[in-house]
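# Geometric and topological summary
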Amino acid sequence: MNDIRSKRIRQADIAAAAGVSVSTVSRVLTNEPGISETIRQHIFKVASDLGYPLKTATETAAGGLALIASDSVTGGLSVFYEGILEGLRAGAAERGMRFDIRLIREARTEPELVREYLLTAGAEGLFLVGIDPSEELCRWLEASGTPTVLVNGTDPKLRFDGVSPSNFFGAYNATRRLLDAGHRRILHLTGSHRQTIRERIRGFEAAIASVEGAEGCIVPMNFRGSSSQEAHDKTAEILAADKGYTAAFCMNDFIAVGVLDAVIEAGLRVPEDFAIVGFDDLPCALMTNPRLGTMRVDRAALGREAIGLMIARFRDRDAPARHICHGVQPIAGGTLPPET
């Protein structure tokens, strides 16, 4: 018989039937990250229909533990991390990974406590969510050989796999939206408590430097989460001083809400007199009047990507670390002029 089912199914057969490359099929079947979920599910279905022997869930059942910075989850940014957790849970379920979650104060991520959490959960791999690991913890993770994935976190030495929004490029593009609308004196309200946030500052500064005559002003915030009230008060003070700033890029949408309130209270028209861009596309962006222009972070996709990275790390403990950046999408809103 010439029917494809009468012979041993190869990955090339799956690729031909699915309309993708053999390398894409290979990456999906080995659970490598970087493939869209739509394509992944399509390939799994085609493979199953053709009778290809797929791995069972028990073959990838090594447990994972997610430690999440409790001050972020219980503070104003809780919805940001809820989206990441949704992706982590879904990705783990799809790939048969046992998965557990613990809240922890970032200051308490000492090796002894992390080791205790891993043992209690029976987990082999560690996800650090919203946590930049200390050098002490990094050394212990390396020495113990603990598979580790940083989710919205960074290690400057790139010793561990990680996934994050493209903070630098997202901030660059957000600022360019204001510059392209003709603004030349732009505020950036931000903190500096995490490397991910400092990447947004770098993106803002790079965008300002890309346009001759543009001037940016970093407005430091004292919080470690989000404070619309502080953003409101600082913006009101700047507007009262009449320093000629006509736009603001905010490190997240909560900050942008405070800026918008101050601008409206000052009697300025939005976006004609003052334009605003946020970041993250959190639910509060839909509640403002006008709707906030922002940059969308696909938080569930970050979680799913992290699961794929962990499975790849389980498979090859000695592979070089990878850090994957997900692009962020500009979202139109009434705080910006209509974009062409």
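Residues numbered from 1 in each chain as written. Predicted model: local features only at pLDDT ≥ 70, side-chain atom pairs only at ≥ 80, totals over all residues. Heavy atoms only, no water.

### Let's talk about the overall build of the protein
Note the threshold: By the criteria applied, helices consist of DSSP H or I runs no shorter than four residues and strands consist of E runs no shorter than two, each listed in order from the N terminus. Summary of the burial criterion: residues with accessible area below 20% of their type's maximum are buried, those above 50% are exposed, and those between are partly exposed, where the area comes from a 1.4 Å probe applied to protein chains only. In this description, contact between two residues means that some pair of their heavy atoms is separated by no more than 4.5 Å. Under the convention used here, a 1.4 Å probe and the Shrake-Rupley method define accessible areas, while residue burial counts only the protein chains that appear. Charge counting treats Lys and Arg as positive and Asp and Glu as negative, with His and both chain ends excluded. Where a charge lies is defined by one atom per residue type: Lys uses NZ, Arg uses CZ, Asp uses CG and Glu uses CD.
Each helix and strand counted, the protein has twelve helices and twelve strands in total. On the principal axes, the C-alpha backbone points of the protein span a range of 80 × 50 × 35 Å. Per-residue burial over the protein gives 52% buried out of 340 residues. Pairs at least 24 residues apart make up 71% of the contacts formed inside the protein by residues separated by at least 6 positions. Accessible surface for the protein amounts to roughly 15300 Å². Of this, 51% is attributable to carbon and sulfur atoms. Placing the 38 positive and 43 negative side-chain charges of the protein at their respective mean positions leaves the two points 6 Å apart.

### Looking at unusual backbone geometry
Residue Val270 is joined to Pro271 through a cis peptide bond whose omega torsion reads 10 degrees. Of note, Pro271 is situated in the loop between α11 (253–265) and β9 (275–277). Going from Asn289 to Pro290, the amide bond is cis rather than trans, its omega being 10 degrees. On the secondary structure map, Pro290 appears in the loop between β9 and β10 (294–296). Positive phi, close to 55 degrees, is recorded for Asp281, a residue that is not glycine. Look at Asp281 and you get buried, because its relative accessible area is 11%.

### Some points on the packing of aromatic side chains
Convention followed: Planes of paired rings set the category: under 30 degrees apart is stacked, over 60 is edge-to-face and the rest tilted, where pairs are Phe, Tyr or Trp rings (Trp by its six-membered ring) whose centres lie within 6.5 Å. Whether a charge sits over a ring comes down to the Lys NZ or Arg CZ being within 6 Å of the ring centre and within 35 degrees of the ring normal.
Applying the stated criterion to the full structure yields five aromatic pairs. Judged by centre distance (6.0 Å) and plane angle (70 degrees), the ring pair of Phe99 and Phe127 falls under edge-to-face. Of this pair, Phe99 sits in strand β2 (residues 99–104) while Phe127 sits in strand β3 (residues 125–129), placing them 28 residues apart in sequence. Its relative accessible area of 22% is what places Phe99 among the partly exposed residues. Members of the aromatic cluster, connected to one another through ring pairs, are Phe204, Phe249 and Phe279. The residue whose ring lies beneath Arg185 is Tyr245, and the NZ or CZ to ring-centre distance is 4.3 Å.

### Overview of the side chain of Ser166
Of note, Ser166 is situated in the loop between β5 (161–165) and α8 (167–180). Residue Ser166 is classed as buried on the basis of its relative accessible area, which comes to 8%.

### Let's talk about α11
Convention followed: A helix's residues, less one, multiplied by 1.5 Å, set its expected span.
In this model, α11 (13 residues) spans 18 Å end to end at C-alpha, consistent with the 18 Å of a helix rising 1.5 Å per residue. With ten of its 13 residues buried, α11 lies for the most part within the structure. By the burial criterion, the buried members of α11 are Asp253, Phe254, Ile255, Ala256, Val257, Gly258, Val259, Leu260, Ala262 and Val263. Each element contacted by the buried residues of α11 is listed here: α5 (78–94), β6 (185–190), α10 (228–240), β8 (247–250), β9 and β10. Note on α11: the residue one or two positions beyond its end, Gly267, has a positive phi of about 85 degrees.

### Looking at the nonpolar core
What counts, and what does not: Put simply, a nonpolar core is a bunch of buried Ala, Val, Leu, Ile, Met, Phe, Trp, Tyr and Cys residues held in one set by side-chain atoms that sit within 4.5 Å of each other.
In terms of nonpolar packing, the biggest core is built from 45 residues, with Leu88, Phe127 and Val129 touching the most fellow members. Looking at which element gives the most residues to this core, the answer is helix α12 (residues 299–315), with seven residues. The contacts of Phe127, once residues within four sequence positions are left out, are Gly64, Leu65, Ala66, Leu67, Leu88, Met97, Phe99, Val149, Val151, Ala306, Ile307 and Met310.

### Some points on the sheet that holds β6
Each strand in a sheet pairs with another by means of backbone hydrogen bonds, the pair being arranged parallel or else antiparallel. We apply this condition: Two strands form a pair only when DSSP identifies at least two bridges running between them. Geometry is summarised by axes, namely lines fitted to C-alpha atoms with helices restricted to the contacting stretch, and by angles between N-to-C directions that run from 0 to 180 degrees.
The strand order β7-β6-β8-β9 describes an open sheet built from four strands, whose pairing is parallel. Sheet topology places β7 (215–220) and β9 at the edges, where each strand pairs with a single neighbour. On average, adjacent strands in this sheet sit at an angle of 20 degrees to one another, irrespective of strand direction. Here three bridges tie β8 to β9, and the two strands are oriented parallel to one another. Pairing of Phe249 across the sheet is with Val277, part of β9. Sitting on the sheet, α8 is in contact with β6, β8 and β9, with an inclination near 165 degrees to β8.

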